[in-house]
Amino acid sequence: MIRVLLVDDHRLVRASLRSVLDAADGLEVVGESASGEDALARARVDQPDVILMDVNMPGIGGLEATRKLCAAAPETRVIALTAHRDDPYPAQMLDAGASGYLTKDCEPDELVDAIRRVVAGETWIEGAVARRIAGERLAGKPGETPFDALSAREMQVLQMVTQGHATKDIAEALQLSPKTVATYRYRLYEKLGVANDVELTRFALRHGIG
């Protein structure tokens, strides 16, 4: 039996996922979480084989949660399940340790197949996403969004700033010093060509980040 943990801040999405997985042979939903922080705690207790992880959630979000989960329990597979098909999310989630990447409009059969394949040690990336990533990397082409130059940590700080978190809260959530968070913040200003948090937030939201 493959044990699955659902991580998404929308209750309706979790209920829909549970319905799909409960109908599949050999899969068992062992828990649900509405945030990255709670997912870290639940994973220690529930010990899932696979975690279906949303990307954009309150708090540390799916990117940082994936990085921490994969570092702490490398035997647990994480599949990103998100509304975002475009960069920078696919590459950054995979770089954080995710074994799969699917969008929420995927077919139920593909989701079930992806879970079984990552448990078997494979990587599963939705077709359209996989083709784009492969094409860009093989051609050595730069990314197509302003956020492709950001590190995973800078991306996480960006998401939390966009959500309105103060430097102290970001530092505590990411286990960094406030000074380090401030450094990341100013790197974001420089890389994205903005002057303050208001401009940074508006810029991110225009590009679907938040």
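Criteria and thresholds
Residues numbered from 1 in each chain as written. Predicted model: local features only at pLDDT ≥ 70, side-chain atom pairs only at ≥ 80, totals over all residues. Heavy atoms only, no water. Helix = DSSP H or I, 4+ residues; strand = E, 2+ residues; numbered from the N terminus. Expected span 1.5 Å × (residues − 1). Buried < 20%, exposed > 50% of the residue type's maximum accessible area, 1.4 Å probe, protein only. Arc of directions from axis to C-beta. Contact = heavy atoms within 4.5 Å. Salt bridge = Lys/Arg side-chain N within 4 Å of Asp/Glu carboxyl O.

Okay, helix α9 (residues 178–192) next. Along an α-helix, residues three or four apart share an orientation, since each turn contains 3.6 residues. The terminal C-alpha atoms of α9, which comprises 15 residues, lie 21 Å apart, in line with the 21 Å expected from a rise of 1.5 Å per residue. Taken as a whole, α9 has its buried residues at Val181, Tyr184, Arg185, Leu188, Tyr189 and Leu192. Buried residues of α9, viewed axially, fall in a sector of 145°; they line one side. Exposed residues pointing more than 90 degrees away from the buried face of α9 are listed as Lys179, Tyr186 and Glu190. At its buried positions, α9 is contacted by α7 (152–162), α8 (167–174) and α10 (197–206). Remark: Gly193 follows α9 within two positions and exhibits a positive phi of approximately 70°.

The final tally for this structure, using the stated rule, is 12 salt bridges. A salt bridge links Asp8 to Lys104; the nearest nitrogen and oxygen atoms lie 2.7 Å apart. With Asp8 in the loop between β1 (2–7) and α1 (11–22) and Lys104 in the loop between β5 (100–103) and α5 (108–119), this residue pair connects regions lying 96 residues apart in the sequence. When the shortest N-O distance is used, the salt bridge between Lys104 and Asp54 registers 3.6 Å. On the criterion of sequence distance, the pair formed by Lys104 in the loop between β5 and α5 and Asp54 in the loop between β3 (50–53) and α3 (61–72) is long-range, its members being 50 residues apart. Ionic contacts of the salt-bridge type, sharing partners, join the residues Glu64, Arg67, Lys68 and Arg153 into one network.

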